[in-house]
Amino acid sequence: MGGIARVAAGLAAVSAAVGLTGSVAMADDGPGFVRVTPSQVHWSEIPGGLGARYAVVLGDPSRPGPYVVRATFPPHVMDTPHTHPNDRYVTVLSGTWYTGTGPVFDLSKAVPLGPGSVMFHPAGAVHWDGSAGDEPVVVQITGMGPAPTVPIDPKGGAWVAVK
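Note that the structure is predicted; figures quoted are calculated from it, not measured.

Participant: Can you walk me through the overall build of the protein in this structure?
Facilitator: When helices and strands are counted, the protein shows 1 helix and 13 strands. Shown N-terminal to C-terminal, the secondary structure of the protein runs as helices and strands in the order α-β-β-β-β-β-β-β-β-β-β-β-β-β. Counting every position in the protein, which comprises 163 residues, the buried fraction comes to 43%. Partitioning the intrachain contacts of the protein with sequence separation of at least 6 by distance along the chain shows that 72% fall at a separation of at least 24. Of the roughly 8,000 Å² that the protein leaves accessible, carbon and sulfur atoms contribute 61%.

Printed below as a string of structure tokens:
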């Protein structure tokens, strides 16, 4: 299983293990309201991810329905070209997130996005992203599950260190 595929499997495992009741606070606002504080976000290492981590904030990206996950890339770590079967919205929370589209990873064509920036990933569109600089990056991803990651080159590495 490639590194990106392991991310999807890891997200499912963490979501199943933690469940909504273990990761969010319920308030007396009425049915359906959910609050999540930073201390309730549980980060996990991405196997083979060169220090990249993820957290399921809400929902379960392995099942049908809405989800919110966060990913953090350490400095100089990016993922390689891949797709997802459903639309995704990515918001940069901190750092400078470098993004590229298409099946060829070419750092010289990456577009830097700072905190507060949003990028829409259409279903099935090839993209790659991460931290190409000296700072870590945290992004929040919102979409509809199931949300597996499909590498363009399953035999290649899912993660790359860049300088």
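Participant: I'm lost on the environment of D79 in this one. Help?
Facilitator: By the secondary structure assignment, D79 is in strand β4 (residues 77-79). Overall, D79 belongs to the buried group, its relative accessible area being 6%. Within the local environment of D79, its side chain forms a polar contact with the backbone nitrogen of D129, the two atoms lying 2.8 Å apart.

Participant: Which parts of the structure should I look at to understand the confidence of the model for the protein?
Facilitator: Summarising the model, the protein shows a mean pLDDT of 88, and 83% of its residues fall at 70 or more. Under a pLDDT of 50 for its full length, residues 1-23 has, in the predicted model, 44 contacts with residues more than four places off or in other chains.

Participant: What's the story with the pairing of strand β3 (residues 65-73) in this structure? I'm lost.
Facilitator: Taken residue by residue, a regular strand's side chains alternate between the two faces of the sheet. The element β3 is largely enclosed, with a buried count of 7 among its 9 residues. Note that strand β2 (residues 53-59) and β3 share 6 bridges and pair antiparallel. Bridged to L58 within β3 is V68. Where β2 hands over to β3, the hairpin turn is made up of 5 residues, counted between the paired strands. In this sheet, strand β11 (residues 137-145) lies alongside β3 in antiparallel orientation, the contact comprising 9 bridges. By the bridge assignment, Y67 is partnered in β11 with G143.

Participant: Quick question: what am I supposed to make of the sheet that holds β11 here?
Facilitator: Strands pair in a sheet through their backbones, by hydrogen bonds, and they do so in one of two ways: parallel or antiparallel. With antiparallel pairing, 6 strands are arranged side by side in an open sheet as β1-β2-β3-β11-β6-β9. A single partner strand is all that each edge strand has here, and the edge strands are β1 (44-45) and β9 (118-121). Two elements, β1 and β2, share 2 bridges in a ladder whose sense is antiparallel. In the strand pairing of β2, E45 is matched with R53.

Rules behind the numbers
Residues numbered from 1 in each chain as written. Predicted model: local features only at pLDDT ≥ 70, side-chain atom pairs only at ≥ 80, totals over all residues. Heavy atoms only, no water. Helix = DSSP H or I, 4+ residues; strand = E, 2+ residues; numbered from the N terminus. Buried < 20%, exposed > 50% of the residue type's maximum accessible area, 1.4 Å probe, protein only. Contact = heavy atoms within 4.5 Å. Areas by Shrake-Rupley, 256 points an atom, 1.4 Å probe, with all protein chains shown as cover. Polar contact = N/O pair within 3.5 Å; in protein donor to acceptor, adjacent residues only side chain to side chain. pLDDT = per-residue confidence, 0-100. Pairing = 2+ DSSP bridges.

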